[in-house]
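Architecture at a glance
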Amino acid sequence: DAKTTQPPSMDCAEGRAANLPCNHSTISGNEYVYWYRQIHSQGPQYIIHGLKNNETNEMASLIITEDRKSSTLILPHATLRDTAVYYCIVRARHGSGNTGKLIFGQGTTLQVKP
Amino acid sequence: GAGVSQTPSNKVTEKGKYVELRCDPISGHTALYWYRQSLGQGPEFLIYFQGTGAADDSGLPNDRFFAVRPEGSVSTLKIQRTERGDSAVYLCASSRGGSSYNEQFFGPGTRLTVL
């Protein structure tokens, strides 16, 4: 699976948008971009995923560049409860020898401040 | 509904002992994953089950680690002759399986401490 690069830490003011970048310049055509987050002392939690189109759900928006070499996770109105480690993961399609396992990097520690 | 549960939540053992960690996945989820997370690091893949069979055990660090899922539901991760370096949080996740975009649901983890 392709490697990702994320900044180690970011701060965001409560109520403002948090924009978390991720570089995945070696991503291949069958790989999806996933975002998970891990709040302290909990297991990781799925946020969103996409292939090439921008995606939005109740938690966040995912913007993927046209060349798919980078993406940005947007939390539109960050709250203190969004303080967590955010992981950007690229993963091949499950099947045809791919197991769907997640390869986590170090992630970005997002600190939302009042 | 009930999420993924793991027991025990904490386990303290002595070097050289045998431990078993249990995972109860979400009902109906055919795919089950074990990960290990050391302090300050992201989770590291250990093993993947599709149904009863271990479809990918490439992440198991050595032959002291073994996992089973005999009826395709509950899974047990077994560690023999524990070492201090095995201390970590062991995470279990399950998913519906069979599709690339099925999200994985994680349990709270078991914190293993080897003295």
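Okay, so let's go over this structure. (Residues numbered from 1 in each chain as written. Chains lettered and ligands numbered in written order. Predicted model: local features only at pLDDT ≥ 70, side-chain atom pairs only at ≥ 80, totals over all residues. Heavy atoms only, no water.)

Moving on: unusual backbone geometry. In this model, Thr7 of chain B is joined to Pro8 of chain B through a cis peptide bond whose omega is -10 degrees. Examined against the element boundaries, Pro8 of chain B turns out to sit in the loop between strand E1 (5-7) and strand E2 (10-13). Of note, the phi angle at Ser41 of chain A is positive, near 70 degrees, even though the residue is not glycine. Among the structural elements, Ser41 of chain A can be located in the loop between strand E3 (31-38) and strand E4 (45-50). A positive phi angle, close to 65 degrees, is found at Arg68 of chain A, a residue other than glycine. Topologically, Arg68 of chain A is positioned in the loop between strand E6 (61-64) and strand E7 (70-75). Since its relative accessible area comes to 10%, Arg68 of chain A is described here as buried. (Helix = DSSP H or I, 4+ residues; strand = E, 2+ residues; numbered from the N terminus. Buried < 20%, exposed > 50% of the residue type's maximum accessible area, 1.4 Å probe, protein only.)

A word on the state of the cysteines. Residues and elements named next belong to chain A. For the structure on display, the rule yields 2 disulfides over all chains. Paired by a disulfide, Cys22 and Cys88 hold their sulfur atoms 2.1 Å apart. The disulfide joining Cys22 to Cys88 has a torsion of about -80 degrees about its S-S bond and is therefore left-handed. Placement of the pair is Cys22 in strand E2 (residues 18-23) and Cys88 in strand E8 (residues 84-92), with a sequence separation of 66 residues. We note that Cys22, like Cys88, is buried. (Disulfide = S-S within 2.5 Å.)

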